Amino acid sequence: MASCIALVAKENYPLYIKTVISPSQSVLSEQNLKYWYLIHTCLDVIDEKLRKVDNKDLYLGLLYLIEDYRIYGYVTNTKIKIFIVIESSNQQFHDTEIKIMFKKLHAGYISTINNPFCDIGKTIVSKKFEELVKTMLQKVTNPIMNSSQTAILTSNNSQQSLTSTNSGQGTGEYTI
Amino acid sequence: MSWASHIPTELSVHPLPLVVLTGLDIRHNAVHKEIWDGFYSKNNTKFRYSLLDGDHEYPKAKGKRSLEVYVEKGILKTNWFHKHLYLIPSLVVVFFELDWDEPNWKEKQMECATKIELVRQSLLDRNTRIILILIQKHPNIPVDGDSGLTKERYPSLCNACSIKTNHLFLLHVEYLQGYIMKLEEEAFNEPTQTYYNLEIKAVKFKRDSLIKVTHQYLFVRLPIKIAFFNEMKQDIFKAIDNYKQAYLSLLDIRFGDTNTLEIKTVAGIINYKLCKLLFEIKHPIDAIEQFRRHIDIFKLKIGPSDLAFEHSAWMSKQFQVMGELFENAINKEYFNAVQTQHPGFYFHSSANYSIQRRIHSREILQSLNLSNKNWTSENPSPIESIDKLEFLGQRPWRQAQKSMEILDQLKEKDGILCLQELESKENLSPLITNLFKQAISHFKIFNCKRMKQYLSVCMAEEYFYAKDYQESLNIYVQVLNDYSNEHWWPILTSIMFNALKCAYLVADITNYCLICTEIIGKNTILSNETKSLIQKNLIRVISNEVPIVEYHQIDTSIHSIENVSQKWKEEMAKQSSPTMGQNMETSQVLSAHKLIPAHVNGMVPFVDCKVRFTSTIFNSNEYVELKVYLRTNCVDQIQFDKLYVRFNIPAYNQYCILQNKDSLNFEPNKIYELDFKFLPQSSDIGKDLEISSLSLEIGNRENRVLILHWKGDCKNALAEENFTLDTFKKLSLPYRKSDAPRELDWNEINISPSTSIVSRKSKIELVLEHKQPVIVNECYPIKLTIVNKEETTIENLSLSVELLSINSASDIDSPISTIDKNIARLWIGSIDKNLHEIGKTYTLPNLESKQQLTEIIYIQMRELKSFELSFKLNYTNETELGKNEDQERHEFDTEIKSKKIVKCSCVQENKIKLETINPFQFNFKFLSMQMGEIEVVRFGEPFFVLCEISNNSAYALKFKDSYLEKGKLVNFKESEENESFLKYETLKSIEMATECFCLVINDDSDSKKVPLGELVLKWKRRNLGSIFDTKEIDEDIETDSESNDDLKQDDLTDELIVETRFPLPEVLAEPFPFIIESELPDYGWLGKEFNLNYKIINKTQSVLEIECSLSENEFFAISGKKMDLIQILPNDFYNFTYLIYPLKIGHCKLPSFHVKVNSPIEISDALKKQESQANSSDSLDTVIENMIPSQLYIFPEKIDSIFKE
């Protein structure tokens, strides 16, 4: 399905970014950075959209139709931005399907921050949320690699979250 | 690599019908030149003109060939567009100088016919039209018919030249512009349209006989031709239809390695045309949709893998031209672009494909050894004719073949090799950077600053690739700030890492150090080893050593690093060479070179810093304490050399410099607390002390110094992450604290970058005694008692008192302004009513310890208004230095061995709020002489004014005097003695007193409102509480016993007496023709007659004739004229005298007296009118009733005798 899912805080710093890029690759790999740049540039469109219309609908629709990717955006009432990136070569999704994905992510985010031990405004660390995102992310295309890759995915879960390496505190211990 | 991404330049030219002009000799003939310039130079949008000789050879038309034998060689010929745009005319115009009255007509006619025939010969088999234009000198000769000569010669000429009569036109040199316009409209339009219609018809005819299987290429070519001819004749919609048809037919062709490029090239051309035309007819959505479809179809048609770069080049070109078309359409204002759909995206994609092209070509080149074959003329290169292809998109070594298989594999291999070689010579960087620049300019328009940043980064990478490290570094440095504000660390890390490489490669010391300070911080996502190495390099640079290249992971296969270390050495030598420091200027420049300031506001360094004054207020006699917290988050331990703090008051800068190396050696991730303390100067009392900056230096001044510079309130981007839910975080703090109670938590350190220096807390007591509320206008006394509670003598004591008004609308606590002098007055000590002051400073004598001083202050407030009174005591005394008692610190006591005595000044301020009330409430009544209440008085007639004065205040008030200051038009009635009823009276709370005046209003003719004057009351408050010692208390006991009147009179002389004036209301006074004055005893006796006298006074200026009557009643027997008609002279009077005899006792009604005015007539009319109009109360009788008494009390006779006895 999706190839990248991202949550961005009200102040436009990333809360959570997960891509289909194998976790064995460095965060700074070109592929990974490309997603980061993609999400980051989409904030322009979101800013503009939020400035222009007093949007009642949280779903902002297709933001950019860049050659290889379609990027959809969603803004919660507290201005948390959620992004779903889908490769254009993939099947086309109907708006309602995308909306459902966003609703799920939104609900997931809410239940994550409902955790009294959750540090609001910091990188999201939650196994449940991670699971949810994983179901939405594209399965690894290579069928041979599939089993081993997913194994890596689960084992490296907490490390894969990008900023967890520098968040300083003992993150990753809280579950809802 | 023009062969793969070729879009012929002819396509961008706007197709216009080609019109060839012949017979003009512009070199030798000025008139001809003028004509040519007239056609050509005009900004022509209708035709394309070309000047040719009359005997010009046009491209020969191909003979009609049978389709059955036709072999398809390619889709579209390279020169086809060019040929039809520039070579084959739709119309040939033959100019010929000939006047109708030409003498040698026959010869000239022949000559002309020959010329036309020549043109016609060279256009054999073409549909090109020919027209003849005669250049004539005499425009006066009429063209149409009436001249016999013209009538005769016109058809003869047409006949001779065998052209239709409507293809012959005239041109007069005089009116050139007008003729040109007319010719274009009338003469050129029709033949060109006909030409293209014929061409289209011919092509259509050919197309209709095509066979689907064998003529696949023609199925593409012919619609393109039709479309282009339609374009020529400006029929855009038909053109679009035909191009679409061609595009669909093109997709029907089977793709293979041999023809992919050809199909793609043609597809590119058709797509270009389609998009261009769709934009022109303002259908941008259709154009974009067409382009997307085009890209989707051909994206995966890569062709031979050895030439994959060819495909990328083609893709790049597609996007680029689309971007250009889009841009052009916007510039021509066909429509507006939006944020999510504008040319920037296309340029961006184009750049990306160009980068991909380079990647592909590099991959291919790496795997291949370039042949070093030398192609000679005998053995020509297979791609020699690459620029001279017959058909678009074909391989030069196998042109004009429609085979799906490659016949000559060896030749193919050679050919591909040659193409690869050609590609390897391409330098794509300028193209790519240019595309990025174009994209950036578009994204800028649409407010996409992040996209702009991203593209800048891409551009910087491109420059880096192109080894223009300086340019690359410049761009990186520009975007770094933007990105660091947004906290996208992985992006930032990658940019910084690349920027550091650039800085290293160009040996830019300043930027190198700055980037290092950021990159070794905790936020970057680099491994600790890398960070450690970079930190080592930073230290090396600061100590003038060349950094180690291996730490930067530079791909040495691409980037040469040979000269870099030499460059570094030169840079360092340049900056530290001591020999150059001879003249002052250069030495300053050099020292500036050595200092590398890093302003932390724009970056996130590896050191966190927080500054805190330990208190928000410091007394002038205690030490200001400042704490600096530092925490490094680099990987390795680091040694700083100097720390200094700067303040807004520079005098304190000297106290906060730390150069101790031991205390500036920081372990990573530990919090270091540094203390500074200094004594504030007395001149700075009342000022705010703020930290303006904090600097931290690494390196010694001989080599190089990196200064981390925090400005303002140390808004380190790391210190506050700008999180939204700050309050929530604070709430959760106690839990964490209990986990590790001993350790200092960085997040818990509050930044407080400013403090105030205040004067020492005074120890003086100020007691205020007074009795609220203040009564308006009174001299309100306040008793001040100042007690010195200091240990020492107070000197320079001064008291300043100020009256401040309270703005009731806003905050009550903040008195805004002083009060107007006319409203309030203030005296200290004694009352001097001539002084108008509301604020003053008094110097008071020195006070020994425990001594006390008393002052009385009087305030007079003339309006009902609450206000604030501020008392400020300033003094100086000698005091001991130290902390406040409640903040004792032993560490300080040990430091200061001898107790310092400091002279310091103190301020004590007390404020009281005062309410005012009005003392009196007045009520007025007007009474007639008969004590009836009246509203209207008459001139000359006396009346009473009754003033009811009630005491509204809570205090007893004592009057000294009261009187009426009468108005100008008012007189006291002579008989009345105006003695004050209130004199020496005391009015207690809620009590009421009455004052009465009898007044007469001076005569006047017109009725009007008359001001009566002002009631003046002189009074004071009887009891002022404890302020005036015991005397008042006695008075309190006395209450209001009459016997003490004398004593009170003395009292009333004192200065506290004030005057309150109250204006009496105006009364309506009106004229009346007469006044009746009655004369009768105050009472009567039963059976004892007495005189009743009515004196009627004429108030008018004319003789008054009145009829008077006295009606009888049961109470009295009357003798006298009961009815009389009298005349009274002006201002004279007449007496009616009656003798009456009481018949009953008690309140007896007097016989009623009636008056009727007969003359002057106007008065009697006026009175009658008034009577009829108004209520009965206003009738003449009622008026008279008010003038004379209506009743008399009659005593019985018996009592009379008793009285007599």
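Definitions and limits used
- Residues numbered from 1 in each chain as written.
- Chains lettered and ligands numbered in written order.
- Predicted model: local features only at pLDDT ≥ 70, side-chain atom pairs only at ≥ 80, totals over all residues.
- Heavy atoms only, no water.
- Helix = DSSP H or I, 4+ residues; strand = E, 2+ residues; numbered from the N terminus.
- Buried < 20%, exposed > 50% of the residue type's maximum accessible area, 1.4 Å probe, protein only.
- Contact = heavy atoms within 4.5 Å.
- Areas by Shrake-Rupley, 256 points an atom, 1.4 Å probe, with all protein chains shown as cover.
- Axes fitted to C-alpha atoms, helices over the stretch in contact; angles between N-to-C directions.
- Parallel < 35°, antiparallel > 145°, perpendicular 65-115°, else oblique.
- Nonpolar A, V, L, I, M, F, W, Y, C, P; charged D, E, K, R; others polar.
- Buried area = accessible area lost by both parts, 1.4 Å probe.
- Salt bridge = Lys/Arg side-chain N within 4 Å of Asp/Glu carboxyl O.
- Polar contact = N/O pair within 3.5 Å; in protein donor to acceptor, adjacent residues only side chain to side chain.
- Pairing = 2+ DSSP bridges.
- Expected span 1.5 Å × (residues − 1).
- pLDDT = per-residue confidence, 0-100.
- Phe/Tyr/Trp six-rings, centres within 6.5 Å; stacked < 30°, edge-to-face > 60°.
- Lys NZ or Arg CZ within 6 Å of the ring centre and 35° of its normal.

## What to know about the overall build of chain B
- Counting secondary structure elements, chain B contains 27 helices and 50 strands.
- Counting the 1205 residues in chain B, one finds 49% classified as buried.
- By sequence separation, contacts in chain B at least 24 residues apart represent 76% of the contacts at least 6 residues apart.
- Total accessible area on chain B stands at roughly 58,800 Å², and carbon and sulfur atoms take up 49% of it.

## Overview of the overall build of chain A
- A tally of helices and strands in chain A yields 5 helices and 5 strands.
- Reading chain A from its N end, one meets helices and strands in the order β-β-α-β-β-β-α-α-α-α.
- A buried classification covers 51% of the 176 residues belonging to chain A.
- Across chain A, the fraction of contacts at a sequence separation of at least 24, relative to all contacts at a separation of at least 6, is 58%.

## So, the packing of helix α9 (residues 284-298) of chain B against helix α10 (residues 308-331) of chain B
Residues and elements named next belong to chain B.
- Remark: α9 packs on α10, axes separated minimally by 12 Å, with the N-to-C direction vectors making an angle of 180°. Taken together, the axes of α9 and α10 are roughly antiparallel relative to one another. Residue-level inspection shows A287, I288, F291, H294, I295 and F298 of α9 in contact with α10, the latter providing H311, W314, M315, Q318, F319, M322 and F326.
- Split by residue class, the contact of α9 with α10 holds 10 nonpolar, 3 polar and no charged.

## Description of the interface of chain B and chain A
- Tallying the contact residues gives 37 residues for chain B and 32 residues for chain A.
- Across the chain B/chain A interface, buried area totals approximately 3,200 Å², and carbon plus sulfur atoms make up 63% of it.
- Counting across the chain B and chain A interface gives 2 salt bridges.
- Its salt-bridge partner being R450 of chain B, residue D44 of chain A comes within 3.3 Å of it at the nearest N-O pair.
- There are 6 residue pairs in polar contact (both at pLDDT 80 or more) connecting chain B and chain A.

## Observations concerning the sheet that holds strand β34 (residues 970-972) of chain B
Residues and elements named next belong to chain B.
- What the 4 strands build is an open sheet, ordered β30-β32-β36-β34; its pairing is antiparallel. The sheet is open, and its two borders are formed by β30 (920-927) and β34, each paired with just one other strand. In this sheet, neighbouring strand axes are inclined to one another by 35° on average, regardless of whether the strands run parallel or antiparallel.

## Remarks on the pattern of salt bridges
- Enumeration according to the criterion identifies 29 salt bridges over all chains in this entry.
- Between E48 of chain A and R51 of chain A there is a salt bridge; the shortest N-O distance is 3.2 Å. Of this pair, E48 of chain A and R51 of chain A both sit in helix α1 (residues 30-52), separated by 3 residues, roughly a single helical turn.
- Residue E48 of chain A is classed as buried on the basis of its relative accessible area of 11%.
- Overall, R51 of chain A belongs to the exposed group, its relative accessible area being 55%.
- Put simply, E1014, K1018, E1059 and R1061 of chain B are held in one network by salt bridges that share partners.

## Observations concerning the pairing of strand β1 (residues 18-22) of chain B
Residues and elements named next belong to chain B.
- Burial analysis of β1 places 5 of its 5 residues in the buried class, which makes it a mostly covered element.
- Of the two faces of β1, the one holding L18, V20 and T22 and the one holding V19 and L21 are both buried throughout.
- Summarising the sheet, β1 and strand β2 (residues 48-51) pair through 4 bridges and their orientation is parallel. Looking at β2, one finds that V19 is bridged to Y49.
- With 4 bridges connecting them, β1 and strand β3 (residues 91-97) associate as parallel partners. Among the inter-strand pairings, V19 is bridged to a residue of β3, identified as L91.

## Considerations on the sheet that holds strand β4 (residues 129-136) of chain B
Residue and element names in this part refer to chain B.
- If you walk across this open sheet you meet the 5 strands as β2-β1-β3-β4-β5, and the pairing is parallel. Edge strands, defined here as strands with exactly one partner in the open sheet, are β2 and β5 (168-172). Ignoring which end each strand starts from, the neighbouring axes of this sheet average 25° apart.
- Sheet topology note: the β3/β4 ladder contains 7 bridges and is parallel. In the sheet register, F95 faces β4, and the bridge partner there is I133.
- Packed on one face of the sheet, helix α1 (residues 30-40) meets β1, β2, β3, β4 and β5 and runs near 155° to β2.

## A closer look at helix α16 (residues 489-505) of chain B
Residues and elements named next belong to chain B.
- In this model α16 runs 24 Å from its N-terminal to its C-terminal C-alpha over 17 residues, within 8% of the 24 Å that 1.5 Å per residue would give.
- The buried fraction of α16 amounts to 17 of the 17 residues, a majority that puts the element mostly inside the structure.
- In the stretch just after α16, A507 is the one whose phi turns positive, near 55°.

## Description of the confidence of the model for chain B
Residue and element names in this part refer to chain B.
- When pLDDT is averaged across chain B, the result is 78; 84% of the residues are at 70 or more.
- Of the regions scoring below 50 in pLDDT, residues 883-898 engages in 15 contacts with residues more than four places distant in sequence or in other chains.
- Note on residues 1029-1050: pLDDT is under 50 here. Beyond four places in sequence and across chains, it has 25 contacts.

## Considering the packing of aromatic side chains
- Enumeration over the complete set of coordinates arrives at 59 aromatic pairs over all chains.
- Each ring, one from W36 of chain A and one from W488 of chain B, has its centre 5.7 Å from the other, and the planes form 90°; the classification is edge-to-face. Here W488 of chain B lies in the loop between α15 (469-486) and α16 and W36 of chain A lies in helix α1, a pairing that spans two chains. Here the two residues W36 of chain A and W488 of chain B agree in accessibility, since each one is buried.
- Summarising the aromatic geometry, the rings of F81 of chain B and F228 of chain B are spaced 4.9 Å apart at their centres and angled 70° between planes, so their arrangement reads as edge-to-face. Highlighted residues: F81 of chain B in helix α2 (residues 80-87) and F228 of chain B in helix α6 (residues 216-232), separated in sequence by 147 residues. Grouping residues by exposure puts F81 of chain B and F228 of chain B together as buried.
- Here the aromatic residues F279, F291, F319, F326, F335, Y346 and Y353 of chain B are joined through ring pairs into a cluster of three or more.
- Taking the ring centre of Y465 of chain B as reference, the NZ or CZ of R358 of chain B above it sits at 3.6 Å.
- The ring of F1072 of chain B carries R938 of chain B above its face, with NZ or CZ at 5.5 Å from the centroid.

## A few points about the environment of I82 of chain A
- Within the fold, I82 of chain A resides in strand β5 (residues 81-87).
- Leaving out residues up to four positions away in the same chain, I82 of chain A has contacts with A6, L7, Y72, G73, Y74, T76, F102, L105 and H106 of chain A.

## Considering unusual backbone geometry
- The residue N12 of chain A is not glycine, and still its phi comes out positive at about 70°.
- Relative to the helices and strands, N12 of chain A resides in the loop between β1 (4-8) and β2 (14-19).
- Not every positive phi belongs to a glycine, and N447 of chain B is a case in point at roughly 65°.
- Along the chain, N447 of chain B falls in the loop between α13 (429-445) and α14 (449-465).
- The partly exposed category is assigned to N447 of chain B, whose relative accessible area is 44%.

## Section: the environment of I912 of chain B
- Examined against the element boundaries, I912 of chain B turns out to sit in strand β28 (residues 901-914).
- I912 of chain B has contacts with L768, H770, I782, F867, E868, L869 and F871 of chain B, leaving out every residue within four places of it along the chain.

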